[in-house]
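Working through the structure, step by step
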Amino acid sequence: MPSPPLIPLRHFFDNPERALARLSPDGRRISWLAPRDGVLNVWVSDVAGGEAVPVTDDRDRGVRSYGWTRDSRRIIHLQDTGGDENHHLLCVDVDDGGRTRDLTPFPGVRAGLVAVPRATPRHVLVTLNLRDRTLFDAYRLTLATGRLELVGRNPGNIIGWLADREGRLRAARAQTPAGDYQLLVRDHEDAELRVVAEYANEDGGHAFAFTPDGARLWVASARGSDLLRLVELDPADGSEREIDADDEVDLAAPLVSDRTGELLGAAYVRDRVVLHAFDERFARDWEAIRRLHPGDPHITGQDADETMFVVSFDDDRDPGAAYLYDRATGASRLLHRSRPWLDPETLAPMRPVTITSRDGLPLRSYLTLPLGAEPRDLPAVLVVHGGPWARDTWGYDPQAQMLANRGYAVLQVNYRGSTGFGKRFMHAAEREFAGRMHDDLIDAVEWLVGEGIADRRRVGIYGGSYGGYAALVGATFTPDVFAAVVSMVGPSSLVTLVRSFPPYWRPLLASTWFRYVGDPDDPEQLADLEARSPLNRVDRITAPLLVIQGANDPRVTKAESDQIVEALRARGVAVEYLVKDDEGHGFVKPENRMDAFRAIERFLARHLGGRAEG
């Protein structure tokens, strides 16, 4: 089979033609994201068809996520400036000519959305670090006027808020000084929150929703279990009743009826998505939906009566196909394919594989091989996910597809510390940055070479955020393994990284960075952090290095990339460095994405021997 044609970079990294379709609550209109003068905005048309009109007019970073208000009159979405992550909540009246109002017009303040309650259509619940930049209080916001009413004052330990079905803020999740969790509940908004359950750090305790009567909570818990299960928690005594569990992976999320508040099912992500359905009608719908497309379905929109679903499919070779499904008749129609210019026959299948680490852990991974090439002695790229508290999943991945199209074998590894595989796997990563977490990546490279797929002399490593750090660790801790290294928004020093985190991350550090990585204010831990920092081993770098950074990144600041680039250049070592002044932690603008991946494509082609445009 001949190699497929070289697919233009813009086909992978430009804006989609359409994406993220949603229904208005009244079921009369359908919305989606599409470019308006080259920038993603929200468009709306009648469900039955007719002319589509843009209702937002973002001219800079584009709308990336949005939702309808309960009265079906408005579109709301969050937007920051230049990637600084100080999001504002913006509102557009669909029938008012697209005039955008900033509902949280506070400089340097970050807004978050807690709930858009069905019972109170004139209001939404938001969080703001308005009073104290390190803490998020909860407010009821009046959509028509922007009036804010404080309904949840953060005493200093709350890291998340939860409303009941009546739109009342009734629960919160708190963190203890030791990094464990507490679940707090109150009977009404004027009452004091009380601790109703405590969870060790590894046991979860995330509450998803109240039961329909508001008396109990549905919670993800790993008490007495390695895996997160769906339980019903009684606030009266903190007791749990198991509702559902999987025997391989953690609970991903329950599916709850917006109309009735009842549980419909529970979703899990093994190699692919698995759904346990509880409701008979929903089970039939799910089976009908699965027949529409070979990808993994996700219900991304519905009307208030739940008579119609918008279903989007995640598929390795057909990204974002979306359908409108009528639950009464079982009829469906294709709404869009996000990137219709991509021919699935020219894209590479993504195959789940399990690799065993040197100490016996199963590393669930995904392998994407170039079409038209014998899978022997190929140039290869190890793509490392960020987080590290995240995971790779099966589906369309533009990075993997671009690299496979250029002739590389692409391996994505869920190394220890990745989420979804149980608490033992997650906590096997404690104090293992540049240790066993990196060993897992090296074991994956050895597997790839041992299978005969990869040419040992032509293996590269690439990642963003933690993946960028992992790439720098590869260059400094195992310099003989990788022939090319690409770090995108990757920290070079664990010490300066933690000390530069934004103020609102401070309350979260005990349960995450301090527990897993270390506290630089502790002299003993400081020495360990220094030892695990690539910046302190730059003299070991021999592989070609490409560093990519957003100048406004609040998570991994530009100083992290500057300092390792400057250290290398001071030694006379050449390093490629690409900075985008209008980006943050990840590149939003398509022209910046294409510049970044054009640089990656050419860099890897030079040093690993793959194909490149032009």
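Thresholds, definitions, all that
- Residues numbered from 1 in each chain as written.
- Predicted model: local features only at pLDDT ≥ 70, side-chain atom pairs only at ≥ 80, totals over all residues.
- Heavy atoms only, no water.
- Buried < 20%, exposed > 50% of the residue type's maximum accessible area, 1.4 Å probe, protein only.
- Helix = DSSP H or I, 4+ residues; strand = E, 2+ residues; numbered from the N terminus.
- Pairing = 2+ DSSP bridges.
- Salt bridge = Lys/Arg side-chain N within 4 Å of Asp/Glu carboxyl O.
- Axes fitted to C-alpha atoms, helices over the stretch in contact; angles between N-to-C directions.
- Phe/Tyr/Trp six-rings, centres within 6.5 Å; stacked < 30°, edge-to-face > 60°.

Let's shift gears to the pairing of strand S22 (residues 263-269). Here S22 lies mainly inside the structure; six of its seven residues are buried. As paired elements, strand S21 (residues 251-256) and S22 share five bridges and run antiparallel to each other. Looking across to S22, one finds that leucine 251 is bridged to tyrosine 268. Taken together, the five bridges between S22 and strand S23 (residues 273-277) define a ladder with antiparallel strand orientation. Residue pairing in the sheet places alanine 267 in a bridge with leucine 275 of S23.

A full pass over the atoms with the stated rule returns 60 salt bridges. Between aspartate 455 and arginine 458 there is a salt bridge, with the nearest N and O atoms lying 3.1 Å from each other. When its relative accessible area of 26% is taken as the criterion, arginine 458 is described as partly exposed. If you follow the salt bridges from partner to partner, you end up with Asp246, Asp247, Glu248, Arg270, Asp271 and Arg364 in one network.

Once that is clear, we can look at unusual backbone geometry. Of note, the amide linkage connecting glycine 387 to proline 388 takes the cis form, showing an omega dihedral of 5 degrees. Among the secondary structure elements, proline 388 is positioned in the loop between strand S30 (378-384) and helix H3 (398-405). Residues other than glycine seldom take positive phi values, yet glutamate 85 does so here, at roughly 65 degrees. Along the chain, the position of glutamate 85 falls in the loop between strand S6 (74-79) and strand S7 (88-93). A positive phi angle, near 65 degrees, is found at serine 465, a position not held by glycine.

A sheet is described by the order of its strands in space; here four strands give the open sequence S17-S18-S19-S20, paired in antiparallel fashion. The open sheet is flanked by strand S17 (204-210) and strand S20 (239-244), the only strands paired with a single partner. Neighbour-to-neighbour, the strand axes of this sheet turn through a mean angle of 35 degrees, independent of strand direction. Taken together, the five bridges between S17 and strand S18 (residues 217-221) define a ladder with antiparallel strand orientation. Looking across to S18, one finds that glycine 204 is bridged to serine 221.

Here we take up the packing of aromatic side chains. Each aromatic ring pair is specified by the distance between its two centres and by the angle formed by the two planes. What the rule picks out here adds up to 17 aromatic pairs. Measuring from ring centre to ring centre gives 6.4 Å for phenylalanine 282 and phenylalanine 309, while their planes differ by 70 degrees; the resulting arrangement is edge-to-face. Taken together, the residues phenylalanine 282 in helix H2 (residues 280-290) and phenylalanine 309 in strand S25 (residues 308-314) connect sequence positions 27 residues apart. Taking 6.4 Å as the distance between ring centres and 75 degrees as the angle between the ring planes, the aromatic pair formed by tyrosine 462 and phenylalanine 597 counts as edge-to-face. Here the residue tyrosine 462 occupies a position in strand S32 (residues 454-464), and phenylalanine 597 occupies one in helix H11 (residues 590-608), the gap between them amounting to 135 residues. Like tyrosine 462, the residue phenylalanine 597 is buried in the burial classification. Every member of this aromatic cluster is reached through a ring pair, and the members are Trp389, Tyr415, Phe433, Tyr466, Tyr469, Phe501, Trp505, Trp513 and Tyr516.

Let's shift gears to the pairing of strand S14 (residues 169-175). Extensive coverage of S14 is indicated by the burial of seven of its seven residues. In this sheet, S14 lies alongside strand S13 (residues 158-163) in antiparallel orientation, the contact comprising five bridges. By the bridge assignment for S14, tryptophan 161 is matched with alanine 172. Counted between consecutive antiparallel strands, the loop separating S13 from S14 contains five residues, among which glycine 167 sits at a positive phi close to 80 degrees. Pairing between S14 and strand S15 (residues 181-185): five bridges, direction antiparallel. Looking at the pairing, alanine 172 lines up with leucine 184 of S15. Turn length for the S14-S15 hairpin, with the two strands adjacent in sequence and antiparallel, is five residues, and the turn residue glycine 179 shows positive phi of about 90 degrees.

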